[in-house]
Amino acid sequence: MQRLAVVLLCVLFAPAAVHAQMKGDPATGRVIAERWCSACHLVSPRQTSASADVLTFMAIAAKTGSDLKSLEAFLADPHPLMADPGLTRRDIGDLVAYIASLR
Ligand code: HEC
């Protein structure tokens, strides 16, 4: 029984783990950003208004530079002010790829 559980867990989580090693997809990241982040952040140069006085994604991209690991770490553990949309590692990879593309 326990063995079965372990096998099941491996089957369920292995694809996600494999994907996490791969580069994110900026186009998907943009869709996620527009859905989950645009209420507070300006997530693209075309967006004209956001509700809060928060760094834009362009500013975040400029500030982060090539340190994408720290951006990834930040998004894996959102701070309290930020709503937690329950991002998967794949979502985070896509978001980081999108933000990096704004530089
Ligand atoms: C409810 C409003 C809100 C939403 C939604 C939101 N954020 Fe934020 N975010 C904030 C605020 C406020 C800050 C700055 C507060 C702080 O740094 O403690 C912040 C800070 C950040 C920072 C750190 C910027 C820095 O100082 O380096 C990143 C990166 C970020 N948000 C990314 C995202 C992403 C990606 C999403 C969508 C998945 C998102 N945020 C959704 C409010 C929000």
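Thresholds, definitions, all that
- Residues numbered from 1 in each chain as written.
- Predicted model: local features only at pLDDT ≥ 70, side-chain atom pairs only at ≥ 80, totals over all residues.
- Heavy atoms only, no water.
- Near = heavy atom within 4 Å.
- Polar contact = N/O pair within 3.5 Å; in protein donor to acceptor, adjacent residues only side chain to side chain.
- Helix = DSSP H or I, 4+ residues; strand = E, 2+ residues; numbered from the N terminus.
- Contact = heavy atoms within 4.5 Å.
- Core = buried A, V, L, I, M, F, W, Y, C linked by side-chain atoms within 4.5 Å.
- Buried < 20%, exposed > 50% of the residue type's maximum accessible area, 1.4 Å probe, protein only.
- Axes fitted to C-alpha atoms, helices over the stretch in contact; angles between N-to-C directions.
- Parallel < 35°, antiparallel > 145°, perpendicular 65-115°, else oblique.
- Left-handed = near helix turned anticlockwise from the far one by under 90°.

## Some remarks on the site of the ligand
Moving on, step 1. Neighbouring residues of the ligand: 17 residues in total, closest Cys37, Cys40, His41, Lys63 and Met82.
Moving on, step 2. With respect to the ligand, the side chain of His41 contributes an N or O atom lying 2.8 Å from a nitrogen atom.
Moving on, step 3. In the model, an oxygen atom of the ligand is placed 2.7 Å from a nitrogen or oxygen of the Lys63 side chain.

## Thoughts on the side chain of His41
Moving on, step 1. Checked against the element boundaries, His41 lands in the loop between α2 (26-36) and α3 (57-64).
Moving on, step 2. Beyond its immediate sequence surroundings of up to four residues, His41 is in contact with Gln47, Ala50, Val54, Leu55, Phe57 and Ile60.

## Focus: the nonpolar core
Moving on, step 1. Counting residues in hydrophobic clusters, the biggest one holds 15 residues, and the most contacted among them are Ala33, Cys37, Phe57, Leu95 and Ile99.
Moving on, step 2. For this core, the elements supplying multiple residues, two or more each, are α2, α3, α4 (68-76) and α5 (89-101).
Moving on, step 3. No other element matches α5, which puts five residues into this core.

## Remarks on the packing of α4 against α5
Moving on, step 1. Relative orientation of the contacting elements α4 and α5 amounts to 135 degrees, with a least axis distance of 10 Å. Here α5 runs oblique to α4, going by the angle between their axes. Here α4 runs over α5; the crossing is right-handed. Each of Leu68, Leu71, Glu72, Leu75 and Ala76 in α4 lies in contact with α5, whose residues at this interface are Arg89, Ile92, Leu95, Val96, Ile99 and Ala100.

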